[in-house]
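These are the residues of each chain, in order.
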Amino acid sequence: MLNIVIFGAPGSGKGTQSAKLIEKYGLKHVSTGDLLRAEIKANSPLGQMAESYMSKGQLVPDEVVIGMLDELIKKNSDVEGFIFDGFPRTLEQGKALDEMLEKNGQSISLVLSLEVKDEELVERLLKRGEISGRSDDNRETIESRLKVYYDQTAPLKEFYRRQGKLHEIYGEGSIDDIFAAMEKVIDSFAQ
Ligand code: B4P
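All of the points below concern the structure found in this document. What you see is a predicted model; the values in this text were computed from it and never measured.

Side note on the overall build of the protein
Counting secondary structure elements, the protein contains nine helices and five strands. For the protein, the α and β elements follow one another from N to C terminus as β-α-β-α-α-α-β-α-β-α-α-α-β-α. Taken over the C-alpha trace, the protein has a radius of gyration of 16 Å; the compact-globule value for 191 residues is 16 Å, and the two agree within 12%. Out of the 191 residues belonging to the protein, those deemed buried represent 49%. Within the protein, counting contacts between residues at least 6 apart in sequence, those at least 24 apart form 75% of the total. Working note: accessible area of the protein is about 9,800 Å², and carbon and sulfur atoms make up 49% of it. Where the 25 positive side-chain charges of the protein centre and where its 33 negative ones centre are 0 Å apart.

Structure, rendered in structure tokens:
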């Protein structure tokens, strides 16, 4: 099993690169952002709750996101591996993910961390906001998402570095060049 975490700040290209990785490696894509947006679209109770956090640029509570993932991992015990995109986002989620995988005799293989400077992140997200109209892609919410990233998510890098799983990838430049750098790490792991 090849289980990859795509890690990075909001707008670092996690979703963009995940789409290319799935195509090449045939792994099951798990994007907590997409799952939560689907709940919002369906106007479910979970979606209504999630929206109240996401619209302010805050993280949805750990127990909600962890519960969603637990179910999904159990349901997909026959896949070749997972790409976790946007999960984990807190140390609590990181520890829970290790436990959930362990229960199924699995573990995280690699963590690919996309490194992009803040000015570029803001520029990308503002541009996406103009095109897609995503309600959390406005300047005020982007600023709080970045702050949340540095406060709550970035400490996970140390967690994975200690496990010897962290690979930092330069996340600026062409999408194909960034993908090539990721492929190199994955292919040398899988050999
Ligand atoms: P996510 O959906 O995970 O989104 P993101 O971090 O904002 O974006 P991503 O990094 O995937 O960027 P993308 O590839 O699209 O999270 C949204 C919200 O959901 C969070 O704020 C939180 O509230 C909630 N949430 C999600 N997971 C959670 C969890 N585990 N726990 C609690 N809450 C959770 O790229 C962005 C833009 O850049 C795109 O327009 C793309 O085209 C462009 N781009 C990509 N690569 C580029 C490149 N190389 N050059 C130029 N532009 C590029």
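Let's pick the thread back up.
Considering the packing of aromatic side chains
Inspection of every chain in the model, using the stated rule, returns four aromatic pairs. Taken together, a centroid distance of 6.2 Å and an interplanar angle of 50° make the contact between phenylalanine 7 and tyrosine 149 tilted. Linking phenylalanine 7 in strand S1 (residues 4-8) with tyrosine 149 in helix H7 (residues 139-153), this pair joins segments that are 142 residues apart in sequence. Residue classification places phenylalanine 7 among the buried positions, given a relative accessible area of 2%. The class for tyrosine 149 is buried, based on a relative accessible area of 8%.

So, the nonpolar core
Counting 36 residues, the largest nonpolar core has Val5, Ile73, Phe84, Leu97, Met100 and Tyr160 as the members making the most contacts within it. Among the elements of the structure, S1, helix H3 (45-54), helix H4 (62-75), strand S3 (82-85), helix H5 (91-103), helix H6 (118-132), H7 and helix H8 (155-162) are those that each provide at least two residues to this core. When residues in this core are grouped by element, the largest group, seven residues, is from H4. Core analysis: the second largest hydrophobic core is formed by 16 residues, Leu2, Leu27, Leu110 and Val185 among them.

Focus on the site of the ligand
Neighbouring residues of the ligand: 29 residues in total, closest Lys14, Thr32, Gln58, Arg128 and Arg145. Within the contact set of the ligand, a nitrogen atom lies 2.8 Å away from a side-chain nitrogen or oxygen of threonine 32. Here arginine 128 contributes a side-chain N or O atom positioned 2.6 Å from an oxygen atom of the ligand. Here the ligand has 1,000 Å² of accessible area as a free molecule, and 87% of this is covered by the chains. The dominant element in the shell around the ligand, judged by the number of residues it contributes, is helix H2 (residues 32-41), at four residues. Taken together, the residues of the shell around the ligand break down into 10 nonpolar, 11 polar and eight charged.

Calculation notes
- Residues numbered from 1 in each chain as written.
- Predicted model: local features only at pLDDT ≥ 70, side-chain atom pairs only at ≥ 80, totals over all residues.
- Heavy atoms only, no water.
- Helix = DSSP H or I, 4+ residues; strand = E, 2+ residues; numbered from the N terminus.
- Rg over C-alpha atoms; globule rule 2.2 N^0.38 Å.
- Buried < 20%, exposed > 50% of the residue type's maximum accessible area, 1.4 Å probe, protein only.
- Contact = heavy atoms within 4.5 Å.
- Areas by Shrake-Rupley, 256 points an atom, 1.4 Å probe, with all protein chains shown as cover.
- Lys, Arg positive; Asp, Glu negative; His and termini not counted.
- Charge placed at Lys NZ, Arg CZ, Asp CG, Glu CD.
- Phe/Tyr/Trp six-rings, centres within 6.5 Å; stacked < 30°, edge-to-face > 60°.
- Core = buried A, V, L, I, M, F, W, Y, C linked by side-chain atoms within 4.5 Å.
- Near = heavy atom within 4 Å.
- Polar contact = N/O pair within 3.5 Å; in protein donor to acceptor, adjacent residues only side chain to side chain.
- Nonpolar A, V, L, I, M, F, W, Y, C, P; charged D, E, K, R; others polar.

Functional significance is not addressed by these values, which are geometric in nature.
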